[in-house]
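Examination of the molecular architecture
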Amino acid sequence: MLRGIGQCLSSGEAEQAMKRISPISTPVTPTPVTPNCMRGGRVLVGDCVEIMRGLPAGIADMVFADPPYNLQLGGELTRPNQTRVNGVEDTWDKFADFAAYDSFTRSWLEGVRHVLKDTGTLWVIGSYHNIFRIGSILQDMGFWILNDIVWRKTNPMPNFRGTRFANAHETMIWASKDKNASYTFNYEALKMLNEDIQMRSDWLLPLCTGHERLKDQQGTKVHPTQKPEALLYRVVMTSTNNGDLVLDPFFGTGTTGAVAKGLGRSWIGIERESGYAAVAESRIAEVKEVSDPNVLDIRSKRQAPRVPFGLVVERGLIKPGGALYDHRHNHTAIVRVDGTLVAANHLGDHRGSIHQVGAAVQGLPACNGWVFWHYESGGNLLPIDLLREQIRAETY
């Protein structure tokens, strides 16, 4: 059983809810919290504004929010064959007017500002019905928008009435707490996810369908706006690291928690509907955690512990007097006992660090010596960066 802040559900309640799949609209008043409750993962049942106010300040490294869209639906929607479209008709998506929705938005964003670390970031997803209002309020409250991400759906629902374009995308806002905040952005990891091509702000991903879509025994969707795990995978990978805490104030059936657990993150989900919360707990309990921490380490080389080239020499991985070369054998430098290099070419005599000498022999203002210089091993030229990674693996 997952335990935490607010009222959590027993495993028996979770099992029964999975059989019923019928959310119960009964908010629960949260109980007092302690810092010891922040580790691992837990579903908290209750009003997200009240629960976030009761949490310790600055505990979350990232918040993902999928708030009510305030769809303002008018009348029943049917397909051309007259079958009914199951849209969002729940009471939690209904507001009296825009002013009521804006007031609600400010309230939960105040809670987010309270729980989010100064180095943390907020992700908010929405449609044209609400995302522009949320973006304006975010800016009014001092948040700084880093990007807007367009989630382009490969399989969007058609516009059955033929009165508008098919709504084929949703928008996510990625924001820091203020303009000058330092935040996590795993640029290199995202580039690797995208086959070594810089990740763009338009993401082509399918809707949540197939085995991933949770349904009840009658085949009805458990939650009308369940997000695909692929979407959350990319979000969590973007702005958190192994062991960070992810908080979702509109948890639904727990997609954020399922992905966070699988990626080695701690998580807190807040959900006011106890039925959804129970489904989320049962779903996340099935997720297997990765036991090897090396698999979860996505730190870039800039974030990794610094290794001076002198340590490579001290460890005897490169001997004083040994030669280093560029990958084409056009430039040669000799390693000195203090870890500096000496080299000579038509540009002159050069002495200094691996970076300084690498830049000098090329006539450039700067150079990454770890990538530029190579050593000979078994008749092959290998970048000295491999020796740095060897030391990191053995030392840190």
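To be clear, the structure that these remarks concern was listed above.
My aim in this report is to walk through the structure given alongside it, one point at a time. (Residues numbered from 1 in each chain as written. Predicted model: local features only at pLDDT ≥ 70, side-chain atom pairs only at ≥ 80, totals over all residues. Heavy atoms only, no water.)

1. As for the overall build of the protein
Filter applied, for reference: Elements are defined by DSSP. Helices are runs of H or I of four residues or more, strands are runs of E of two residues or more, and each kind is numbered from the N terminus. Note on exposure labels: buried denotes an accessible area under 20% of the residue type's maximum, exposed denotes more than 50%, and partly exposed covers the range between, all computed with a 1.4 Å probe on protein chains only. Note on contacts: a residue pair qualifies if any of its non-hydrogen atoms lie within 4.5 Å across the two residues. Where accessible areas are quoted, they stem from the Shrake-Rupley method and a 1.4 Å probe; at the residue level, only the protein chains shown are allowed to cover.
Assigned secondary structure in the protein consists of 13 helices and 14 strands. Expressed as a percentage of its 396 residues, the buried residues of the protein come to 45%. Considering only residue pairs separated by 6 or more positions, the protein has 68% of its internal contacts joining residues 24 or more positions apart. Element-wise, carbon and sulfur atoms account for 50% of the exposed surface of the protein, whose accessible area totals about 20200 Å².

2. Thoughts on the pattern of salt bridges
For clarity, the cut-off: Here, a salt bridge means any Lys or Arg side-chain nitrogen found within 4 Å of an Asp or Glu carboxyl oxygen.
All told, the structure shown has 13 salt bridges when counted by the stated rule. In this structure, the salt-bridge partner of Lys117 is Asp61, at a minimum N-O distance of 2.9 Å. Of the two residues, Lys117 is situated in strand β3 (residues 116-126) and Asp61 in strand β2 (residues 60-65); the sequence distance between them amounts to 56 residues. Here Asp102 ties to Arg133 by a salt bridge, and the two come within 2.8 Å at their closest N and O atoms. Highlighted residues: Asp102 in helix α3 (residues 98-115) and Arg133 in helix α4 (residues 131-140), separated in sequence by 31 residues.

3. Overview of the sheet that holds strand β7 (residues 245-248)
Defined as follows: At least two bridges found by DSSP between two strands is the condition for calling them paired. Axis definition: a line fitted to C-alpha atoms, limited for helices to the stretch in contact. Angles are taken between N-to-C directions and run from 0 to 180 degrees.
Read from one edge to the other, the open sheet built from eight strands follows the order β1-β8-β7-β2-β3-β5-β4-β6, with strand pairing classed as mixed. Edge strands, defined here as strands with exactly one partner in the open sheet, are β1 (41-45) and β6 (202-205). Ignoring which end each strand starts from, the neighbouring axes of this sheet average 20° apart. Pairing geometry for β1 and strand β8 (residues 266-271), over five bridges, is parallel. When the sheet's bridge partners are listed, Arg42 is paired in β8 with Ile268. Seen against the sheet, α3 touches β2, β3 and β7 and runs at an angle of roughly 145° to β3. Contacts from α4 reach β3, β4 (144-153) and β5 (169-176) within the one sheet, and its direction differs from that of β3 by about 160°.

4. Thoughts on the packing of aromatic side chains
To keep it simple, the criterion reads: Each Phe, Tyr or Trp ring, with Trp reduced to its six-membered ring, pairs with another whose centre is within 6.5 Å; inter-plane angles below 30 degrees give stacked pairs, above 60 give edge-to-face pairs, and intermediate values give tilted ones. Two limits define a charge over a ring: the Lys NZ or Arg CZ must be within 6 Å of the ring centre, and within 35 degrees of the ring normal.
Applying the stated criterion to the full structure yields eleven aromatic pairs. Their ring planes at 20° and their centres at 5.2 Å tell us that Trp123 and Trp174 sit as a pair that is stacked. With Trp123 in strand β3 and Trp174 in strand β5, this pair connects stretches of sequence that are 51 residues apart. Judged by its relative accessible area of 3%, Trp174 is buried. One aromatic cluster in this structure is built from Trp123, Trp174, Tyr183, Phe185, Tyr187 and Trp203. Across from the ring centre of Phe143, 4.3 Å away, lies the NZ or CZ of Arg113, which sits over that ring.

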